[in-house]
Every structure is written in C-alpha cells, then in structure tokens.
Amino acid sequence: MIISTTRPVAAKISAIGASLALTANQAFAATDAVLEKDDFVGISFWIISMALIAATVFFFLERDRVSPKWKTSLTVSGLVTLVAAVHYFYMRDVWVATGSTPTVFRYIDWLITVPLLMIEFYLILSAITKVPVGVFWRLMIGTLVMLIGGYLGEAGYMAVWPAFIIGMAGWAFILYEIFIGQAGKINAQSAPPSVQSAFNTMRLIVTVGWAIYPLGYFFGYLTGSSPETSANALNIIYNAADVLNKIAFGLIIWTVAVSESEASMKK
Ligand SMILES: *C/C=C(C)/C=C/C=C(C)/C=C/C1=C(C)CCCC1(C)C
C-alpha cells in the first residue's frame, strides 16, 4: 500500500522537477545579463517564477487527496501554473537582458492559461451537474476576443485605444456569461452551497482580479508617461495580477475540492 502510493508521487515530483530545472537552465543560458539589486520588476519576475513552480508541485501532489471527480480540476490548476512558470523564465530573461516588455511571451502564456482557467469554470460546474457545451464555447470566444484585442494594441498592429476597447468587449462578454448567462444560471439552480461559494469567489476573481490587467494596459500605454515608467508599471501590474489569478485561483479550487471530497467520504 505504502509503496504503491509513494512511488508514483516520487516519480511525479522528479519528473516535474527535472523538466522545470531544464527549462530554467535553457532560458537562463540565453543571456549574460544578471539581475540588478534595484531592478524591482526583474525581482518580481524572479519571485513569481519560483512561486509558480511551488504551486505546480503542490497542485499535482494534492490530486492524491481528492475524490476522482475533482482530480481534473487540480490537474488544470497545476497546468496553468506550470505553463506560466516556464513563460516567466523567458519573460524574466527578456526583461533583465533588454529592460523591455516581453509582450510576445506574455500573450502566448495568456493564450494557453486563460482558456485553461475558463475550462476550470466549466469543470467545477460539470462536477455537480450536466453543463451544455455552449457555455464552454462562449467563454472561449470571449477569451479570444479579449486577448487578440489586447495583443493587437500592445504589439503595435493597431492603435492602443481601439484595441483596448475590443479587449474590454471580450471581457464584458465573459462577465455576462458567468453572471447573467447560462453558466451563472446553472450555478444558482443546481450547485451545492460549497460549489456555489467557490463559483462566486471565482466570479469575483474574474471581475476584480482580472480588472487588474486592463489597469496594467492603461498604465502601460494610455497615460502618456515616459516609456520607462510605463514599462515598469505595466509589468509590475501584470505580474501582481498573475499571482492572484493563477496561484490564488488554483488555491480556491483546491479548497473546494478538498472540502467536497472529505464531505463525500463521511457519507
Ligand atoms: C493568467 C493570466 C490571466 C488570467 C490573464 C488575464 C488577462 C486579461 C483579463 C486581460 C484583459 C485585457 C482587457 C480586458 C482589455 C485589453 C487589454 C487586456 C488584454 C490586458
């Protein structure tokens, strides 16, 4: 019994550790620049890289504690932090080496992790009731419009204001779906109290937590400050937002998964 549970865990930890160490090394070898002690944006990239690795290992290991229907949710939380950790290594290097905003890596990261977070909503609801796939696709469409709009503006393919408005429209569409649309209705009608409270907290994150990103965009492009001040503000704000929306979001799901699993074991 002990052997059969510890072996896969040990294998899992070493696999995660090895792959992360490898990517960290490759990214770091790409530049000679070192982190300066007054480079607070660079320091934040570094701290968050490490926090994301720790969170990844935590979510993957904690899978063993929850009942089968919650395992996928924890897997997805771990994938979000894993994908982000690898991108943070690269973003940190770009920042330390050039002092410029790592827009491409940031958006590739978001393009993978934001849909994964949207899948979490769908999974949480699916763990307790049947959910039409339309909910999933509407959340995806909103996500794509939001990110494509943002990228067009940040990468210089479009004027920053119109691109911002397109991005805001995508986000508004997501908020509509989870508050007033079908996902919101399913939650209100069929979810047990613990899932409802998790769903409500997740909604709060997508409203208040995600609002930090357009603020970052605003301070990065729309205030008319100097390029250096703008780049510092943009990256610090995006980095802080990621801690909340990737790590804290995963922890909320973990809390529900553990309490729901323990409740069902007592029955
Ligand atoms: C893990 C990464 C996450 C949760 C990223 C979320 C990103 C957003 C909510 C971005 C939103 C934006 C707008 C609402 C307006 C246009 C600019 C964006 C793309 C920054």
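Residues numbered from 1 in each chain as written. Predicted model: local features only at pLDDT ≥ 70, side-chain atom pairs only at ≥ 80, totals over all residues. Heavy atoms only, no water.

Moving on, we come to the side chain of serine 230. Within the secondary structure, serine 230 is located in helix α9 (residues 227-266). Judged by relative accessible area, serine 230 falls into the buried class, the value being 8%. From its side chain, serine 230 meets the backbone oxygen of serine 225 in a polar contact 3.4 Å long. If we skip the residues at most four places from it in the chain, serine 230 touches Phe219, Gly220 and Ser225. (Helix = DSSP H or I, 4+ residues; strand = E, 2+ residues; numbered from the N terminus. Buried < 20%, exposed > 50% of the residue type's maximum accessible area, 1.4 Å probe, protein only. Polar contact = N/O pair within 3.5 Å; in protein donor to acceptor, adjacent residues only side chain to side chain. Contact = heavy atoms within 4.5 Å.)

Mapped onto the elements, threonine 103 comes out in helix α4 (residues 103-126). Residue threonine 103 is classed as buried on the basis of its relative accessible area of 12%. With near-sequence residues (within four places) excluded, threonine 103 lies in contact with Tyr151, Glu154 and Tyr221.

Further remarks concern the site of the ligand. Taken together, 19 residues form the shell around the ligand, and within it Trp110, Val114, Met146, Tyr213 and Lys246 come nearest. Calculation on the ligand without its partners gives an accessible area of 530 Å², and the protein chains cover 100% of this total. Mapped by element, the contributors of at least two residues to the shell around the ligand are α4, α5 (133-154), α6 (160-179), α8 (193-222) and α9. With 5 residues, α4 is the single largest residue contributor to the shell around the ligand. Residues belonging to the shell around the ligand are distributed by class as follows: 13 nonpolar, 4 polar and 2 charged. (Near = heavy atom within 4 Å. Areas by Shrake-Rupley, 256 points an atom, 1.4 Å probe, with all protein chains shown as cover. Nonpolar A, V, L, I, M, F, W, Y, C, P; charged D, E, K, R; others polar.)

Here we take up the packing of aromatic side chains. The geometry of an aromatic ring pair is captured by the separation of the ring centres together with the interplanar angle, meaning the angle of the planes. Under the counting rule described, the total for this entry stands at 18 aromatic pairs. Summarising the aromatic geometry, the rings of tyrosine 90 and phenylalanine 105 are spaced 5.4 Å apart at their centres and angled 35 degrees between planes, so their arrangement reads as tilted. With tyrosine 90 in helix α3 (residues 68-98) and phenylalanine 105 in helix α4, the pair connects residues that are 15 residues apart, well separated along the chain. Under the relative-accessibility criterion, tyrosine 90 is labelled partly exposed at 30%. Through a chain of ring-to-ring contacts, the aromatic side chains of Tyr107, Trp110, Tyr151, Tyr157, Tyr213 and Tyr238 assemble into a single cluster. The ring centre of tryptophan 46 lies 4.0 Å from the NZ or CZ of arginine 92, which sits over that ring. Looking at arginine 203, its charged tip hangs above the ring of phenylalanine 179, at a distance of 4.8 Å from the centre. (Phe/Tyr/Trp six-rings, centres within 6.5 Å; stacked < 30°, edge-to-face > 60°. Lys NZ or Arg CZ within 6 Å of the ring centre and 35° of its normal.)

A cluster of nonpolar side chains, contributed by Val104, Ile108, Leu111, Ile112, Leu144 and Ile148, occupies part of the molecular surface with about 490 Å² of accessible area. Those elements that place two or more of their residues in the nonpolar patch are α4 and α5. If you tally residues by element for the nonpolar patch, the top one is α4, at 4 residues. Among the secondary structure elements, isoleucine 108 is positioned in helix α4. (Patch = residues over 30% accessible without salt bridge, like charges linked within 9 Å, V, L, I, M, F, W, Y side chains within 5 Å. Salt bridge = Lys/Arg side-chain N within 4 Å of Asp/Glu carboxyl O.)

With that settled, consider the environment of tyrosine 88. Tracing the backbone through its elements, the reader meets tyrosine 88 in helix α3. Sequence separation between tyrosine 88 and methionine 50 is 38 residues; the distance between their C-alpha atoms is 9.1 Å. Here tyrosine 88 is in contact with Phe45, Ile48, Ser49, Leu52, Arg106, Tyr238, Asn239 and Asp242, once residues within four sequence places are set aside. Engagement of the side chain of tyrosine 88 in a polar contact is seen with the side chain of asparagine 239, the distance being 3.2 Å.

Along helix α7 (residues 182-190), the residues classified as buried are Ala183, Gly184, Ile186 and Asn187. In an axial view of α7, the angular spread of the buried residues amounts to 165 degrees, which keeps them on one side of the axis. Along α7, the residues that are exposed and aim more than 90 degrees away from the buried face are Ala188 and Gln189. Looking at the buried side of α7, the elements it contacts are α4, α5, α6 and α8. (Arc of directions from axis to C-beta.)

The interhelical angle for the contact between α6 and α7, taken along N-to-C directions, is 25 degrees, at an axis separation of 4 Å. Here α6 is positioned roughly parallel relative to α7, judged by the angle of their axes. Where α6 approaches α7, its residues Glu177, Ile178 and Phe179 are matched on the opposing element by Gln182, Ala183 and Gly184. Grouping the constituent residues of the contact of α6 with α7 by class yields 3 nonpolar, 2 polar and 1 charged. (Axes fitted to C-alpha atoms, helices over the stretch in contact; angles between N-to-C directions. Parallel < 35°, antiparallel > 145°, perpendicular 65-115°, else oblique.)

Of all hydrophobic cores here, the largest spans 51 residues; its most connected members are Trp70, Phe121, Val206 and Trp210. Listed by contribution, the elements that provide at least two residues to this core are α3, α4, α5, α6, α7, α8 and α9. If sequence neighbours within four positions are ignored, tryptophan 70 has contacts with Ile124, Ala127, Val195, Val256, Ala257, Glu260 and Ser261. Membership of the second largest hydrophobic core comes to 15 residues, among which are Val41, Phe59, Ala84 and Ile247. (Core = buried A, V, L, I, M, F, W, Y, C linked by side-chain atoms within 4.5 Å.)

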